[in-house]
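This is what each chain is made of:
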Amino acid sequence: MDLVEAQLDARVLQFDGRVLELFGGLSATSDWRRHTAFMAAVVVTGPDKRRAWSVAFQPPQQLITSFRLSEAEFQALQPILEALQTAGVQVSINP
């Protein structure tokens, strides 16, 4: 699989088919990597009344990583969500 990337404001998500990486979080320690073998699900809800989406990448429960996205960022995230589904990660939108 080719590298899939999404620019989300000041963050970048990259997925190579096995590992999802976030760069440019609020601090250097907020950058993270998650292997699909340890990712239970991705839960997407929205849009809310401000047209924002919430995305939660759920590896083991104690490591839930989530953030809010604008409509444009959510659209940019679509190729990564599709690639994660292809890799076997459960992706739920508006559960």
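Please read all numbers here as calculations on a predicted model, not as lab measurements.

Explanation requested: the pattern of salt bridges in the structure shown.
As a working rule, side chains carrying opposite charge can pair if their charged atoms are close by. Considering all chains together, one arrives at three salt bridges under this definition. Between Arg-33 and Glu-21 there is a salt bridge; the shortest N-O distance is 2.9 Å. Of this pair, Arg-33 sits in strand β4 (residues 32-35) while Glu-21 sits in strand β3 (residues 19-23); the two residues are 12 residues apart in sequence, bridging distant segments of the chain. On the basis of relative accessible area, Glu-21 is assigned to the buried category, the value being 17%. A salt bridge links Asp-48 to Arg-68; its shortest N-O distance comes to 2.5 Å. Residue Asp-48 is found in the loop between β5 (41-45) and β6 (53-58), and its partner Arg-68 is found in strand β7 (residues 65-69); the two are separated by 20 residues along the sequence.

I keep staring at the pairing of β4 and nothing clicks. Help me out?
Successive side chains on a regular strand alternate, one facing one side of the sheet and the next facing the other. Taking every second residue as pointing to the same face, the buried face of β4 carries Trp-32 and Arg-34, while none of Arg-33 and His-35 on the other face is buried. One ladder, built from four bridges, connects β3 with β4; its direction is antiparallel. When the sheet's bridge partners are listed, Leu-22 is paired in β4 with Trp-32.

Teacher, can you tell me more about the sheet that holds β7 here?
In a beta sheet, neighbouring strands are held together by backbone hydrogen bonds and run either parallel or antiparallel to one another. Strand order in the open sheet formed by four strands is β7-β6-β5-β8, and the pairing between neighbours is mixed. The open sheet terminates on both sides in strands that have one partner only, identified here as β7 and β8 (90-93). The mean inter-strand angle of the sheet, taken between neighbouring strand axes irrespective of direction, is 15 degrees. When β5 meets β6, the two strands line up antiparallel, connected through five bridges. Residue Val-44 lies in a different strand from β6, and its bridge partner there is Val-55.

What counts, and where the lines are drawn
- Residues numbered from 1 in each chain as written.
- Predicted model: local features only at pLDDT ≥ 70, side-chain atom pairs only at ≥ 80, totals over all residues.
- Heavy atoms only, no water.
- Salt bridge = Lys/Arg side-chain N within 4 Å of Asp/Glu carboxyl O.
- Helix = DSSP H or I, 4+ residues; strand = E, 2+ residues; numbered from the N terminus.
- Buried < 20%, exposed > 50% of the residue type's maximum accessible area, 1.4 Å probe, protein only.
- Pairing = 2+ DSSP bridges.
- Axes fitted to C-alpha atoms, helices over the stretch in contact; angles between N-to-C directions.

By themselves, these figures tell us nothing about what the structure is for.
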